[in-house]
Amino acid sequence: KNSETREVTGQGLNIIEFIRHPSILNDQEMSLSQIAFLKSAYGLPFSEEETEIYCRATGRDSYSPREQRDLTLVGGRRGGKTGKLGARIALYEAFRDHQIPRGERAHVMLIAPVIAQAKIAYGYILKDIQNSPILSAKVAKVRNNEIELKNGIIIGCYACSSITVRGRAAVTIVCDEVAF
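Residues numbered from 1 in each chain as written. Predicted model: local features only at pLDDT ≥ 70, side-chain atom pairs only at ≥ 80, totals over all residues. Heavy atoms only, no water.

A. Spatial organisation of the overall build of the protein chain. Helix and strand content of the protein chain: eight helices and five strands. When the helices and strands of the protein chain are read in sequence order from the N terminus, they spell out α-α-α-α-α-β-α-α-β-β-β-α-β. Residues counted as buried form 42% of the 180 residues belonging to the protein chain. Counting only contacts in the protein chain whose residues sit at least 6 apart along the sequence, the fraction spanning at least 24 positions is 61%. In the structure as shown, the protein chain presents an accessible area of about 10,600 Å², 47% of it carried by carbon and sulfur atoms. (Helix = DSSP H or I, 4+ residues; strand = E, 2+ residues; numbered from the N terminus. Buried < 20%, exposed > 50% of the residue type's maximum accessible area, 1.4 Å probe, protein only. Contact = heavy atoms within 4.5 Å. Areas by Shrake-Rupley, 256 points an atom, 1.4 Å probe, with all protein chains shown as cover.)

This is the structure:
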């Protein structure tokens, strides 16, 4: 059990393993394109098919694996941008070890034009946490627009405004509907 806890906190699992892990999210139904996107975000090795998808999607001739600091995804309707990608990146980063000093807080920010839109990703995240005994045991408190984790991370919903997001230490920011 201790090694399983270590794995969940990002010490032994990459994002694909985190999502597929039977005791964490147990999602075995990601598309090859979704997997290629996540692998490219974290600099993970590709299969030949994933390389082909990556090159077609980016217009590049090859894939150079390296973890990305910033990502932009423009995708079609019902492609899983929020539930399969954005929410999963937010969750993975929320449980990853970011070396946050004891007693300090950091945020995984879900930003959209209005809070109601940010709550769509929040709903996916909350459902994933509630369906995972391992992840739910790491929750300190659930509020209307925030999930406070025992590791000092707060997953929260914010309207796209410099007033609402200013001054917060963020480990990850997921913006939704920003190009609309």
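B. Examining helix H5 (residues 81-95) more closely. For H5, built from 15 residues, the straight-helix expectation of 21 Å at 1.5 Å per residue is met to within 8% by its first-to-last C-alpha distance of 20 Å. Where H5 bends most, the angle comes to about 30°, and this point is Ala-87. Most of H5 sits inside the fold, with 13 of its 15 residues counted as buried. (Expected span 1.5 Å × (residues − 1). Bend = angle between axes of the 7 residues up to and from the residue.)

C. Broad picture of the nonpolar core. Judged by nonpolar contacts, the single largest core of 41 residues is most densely connected at Ile-15, Phe-18, Leu-38, Leu-110, Ile-125, Ile-147 and Ile-155. No other element matches H5, which puts eight residues into this core. (Core = buried A, V, L, I, M, F, W, Y, C linked by side-chain atoms within 4.5 Å.)

D. Focus on the confidence of the model for the protein chain. Looking at the protein chain as a whole, the pLDDT averages 86, with 89% of positions reaching at least 70. Looking at the elements of the protein chain, mean pLDDT is at its lowest for helix H1 (residues 2-11), recorded as 49, and at its highest for strand E2 (residues 139-142), recorded as 96. (pLDDT = per-residue confidence, 0-100.)

E. Up close: the pattern of salt bridges. By the definition in use, this model includes ten salt bridges. With a closest N to O distance of 2.6 Å, Asp-27 and Lys-84 form a salt bridge. You can see Asp-27 sitting in the loop between helix H2 (15-20) and helix H3 (32-42) and its partner Lys-84 sitting in helix H5, a full 57 residues away along the chain. Connected through salt bridges with shared partners, the residues Asp-27, Lys-84, Arg-88 and Asp-128 form a single ionic network. (Salt bridge = Lys/Arg side-chain N within 4 Å of Asp/Glu carboxyl O.)

F. Representation of the packing of H3 against H5 within the structure. Two numbers describe how H3 lies on H5: the axes approach to 11 Å, and their chain directions differ by 40°. Here H5 runs oblique to H3, going by the angle between their axes. The chirality of how H3 crosses H5 is right-handed. From H3, Gln-34, Phe-37, Leu-38 and Tyr-42 reach across to H5, where they touch Lys-84, Leu-85, Ile-89, Tyr-92 and Glu-93. Here the residues of the contact of H3 with H5 sort into six nonpolar, one polar and two charged. (Axes fitted to C-alpha atoms, helices over the stretch in contact; angles between N-to-C directions. Parallel < 35°, antiparallel > 145°, perpendicular 65-115°, else oblique. Left-handed = near helix turned anticlockwise from the far one by under 90°. Nonpolar A, V, L, I, M, F, W, Y, C, P; charged D, E, K, R; others polar.)

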